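Per-entry structural report
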Amino acid sequence: NSKVIQTPRYLVKGQGQKAKMRCIPEKGHPVVFWYQQNKNNEFKFLINFQNQEVLQQIDMTEKRFSAECPSNSPCSLEIQSSEAGDSALYLCASSPRRNQDTQYFGPGTRLLVL
Amino acid sequence: QQKVQQSPESLIVPEGAMTSLNCTFSDSASQYFAWYRQHSGKAPKALMSIFSNGEKEEGRFTIHLNKASLHFSLHIRDSQPSDSALYLCAVRSGSFNKLTFGAGTRLAVCP
């Protein structure tokens, strides 16, 4: 079973509202990824971290999305002003090393924006 | 930008059959090729991965990579109902371990 913990499992927001979800990576995994999986099962990479440092992020993340992985606290992904198109499954994954390819996923937070 | 495509979109096979899933990618410099499996409502889980051309077998699962053809595949021998899931192929090119996923093949194995 996955050891990556994501909360909440389900999130319902109105358009324009903030939506925040959290991820606790597997113990000993300093590398964390966020992906968005839409209703067609398509994955979109959002951002990844090594410890607190952002390694890579897409343009979408730079505008309405913000993410952080503070020391000794869960990682978080927040959408500042939710849009209907943001409705998706948000998956967090972790990895034990930066050059370790296998990623270990959590069960996701399913966001519905009404 | 890397494009990863899977075929078929969905597949129904009888229990005990051989199942073959396909994945094509666009970046010839890709370095890591993997299959993940996602049961409904569950986390995607890595099944198998390969780095260089050839085949690798683990139990009932075989992964085959042909970089020149920009293609890799997953073969499941003696398919079981518990294999019913969404199968996702993933490719890494470049640094920082970002994976590009295909849109998945939904497999149903009927008893």
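Everything numeric here is computed off the predicted structure, so don't read it as measured data.

**A look at the pairing of strand S8 (residues 71–76) of chain B**
Residues and elements named next belong to chain B. Relative to S8, strand S3 (residues 19–25) runs antiparallel, the two being bridged by 6 bridges. From the neighbouring strand, Thr19 faces S8, where its bridge partner is Ile76. Pairing of strand S7 (residues 61–66) with S8, which is carried by 6 bridges, proceeds in the antiparallel orientation. Bridge pairing links Thr62 to His75 in S8.

**A word on the interface of chain B and chain A**
Each partner contributes residues to the interface: chain B has 20 residues there, and chain A has 25 residues. Where chain B abuts chain A, roughly 1700 Å² becomes buried across the two surfaces, and 53% of that area is made up of carbon and sulfur atoms. Per-residue buried area on chain B facing chain A is highest for B:Phe96, B:Asn97 and B:Lys98; these three make up 35% of the total on that side. Taken together, chain B and chain A are joined by 0 salt bridges. If you list the elements that add at least two residues to the side of chain B that touches chain A, you get strand S4 (32–38), strand S9 (85–92) and strand S10 (99–101) of chain B. The class makeup of the residues in the side of chain B that touches chain A is 12 nonpolar, 5 polar and 3 charged.

**Looking at the state of the cysteines**
Between two cysteines, a covalent bond joining their sulfur atoms is known as a disulfide. Residues and elements named next belong to chain A. Within the structure shown, the criterion is met by 3 disulfides over all chains. The residue that forms a disulfide with Cys69 is Cys75, at a sulfur-sulfur distance of 2.1 Å. Disulfide Cys69-Cys75: torsion about the S-S bond near 110°, hence right-handed. The pair Cys69 / Cys75 is uniform in exposure class, with both members buried. For chain A, numbering the cysteines in disulfides from first to last along the sequence yields the connectivity 1-4, 2-3.

**Here's the deal with the sheet that holds strand S6 (residues 54–58) of chain B**
Residue and element names in this part refer to chain B. Judged by pairing direction, the sheet is antiparallel, and its 5 strands sit side by side in the order S1-S3-S8-S7-S6 without closing on themselves. Every other strand in the sheet has two partners, leaving strand S1 (4–7) and S6 as the edge strands with one partner each. Going across the sheet, the axis of each strand differs from the next one's by a mean of 15°, ignoring polarity.

**A look at the pattern of salt bridges**
All names here are of chain A. The full count for this structure, using the stated rule, is 5 salt bridges over all chains. In this structure, Glu83 and Arg64 form a salt bridge, with 3.4 Å as the shortest nitrogen-oxygen distance. With a gap of 19 residues between them, Glu83 in the loop between strand S8 (75–79) and strand S9 (88–95) and Arg64 in the loop between helix H1 (59–63) and strand S7 (65–68) connect regions that are remote in the sequence. Given a relative accessible area of 40%, Glu83 falls into the partly exposed group. A salt bridge links Arg64 to Asp86, with the nearest nitrogen and oxygen atoms 2.8 Å apart.

Conventions adopted
- Residues numbered from 1 in each chain as written.
- Chains lettered and ligands numbered in written order.
- Predicted model: local features only at pLDDT ≥ 70, side-chain atom pairs only at ≥ 80, totals over all residues.
- Heavy atoms only, no water.
- Pairing = 2+ DSSP bridges.
- Helix = DSSP H or I, 4+ residues; strand = E, 2+ residues; numbered from the N terminus.
- Contact = heavy atoms within 4.5 Å.
- Buried area = accessible area lost by both parts, 1.4 Å probe.
- Salt bridge = Lys/Arg side-chain N within 4 Å of Asp/Glu carboxyl O.
- Nonpolar A, V, L, I, M, F, W, Y, C, P; charged D, E, K, R; others polar.
- Disulfide = S-S within 2.5 Å.
- Buried < 20%, exposed > 50% of the residue type's maximum accessible area, 1.4 Å probe, protein only.
- Axes fitted to C-alpha atoms, helices over the stretch in contact; angles between N-to-C directions.

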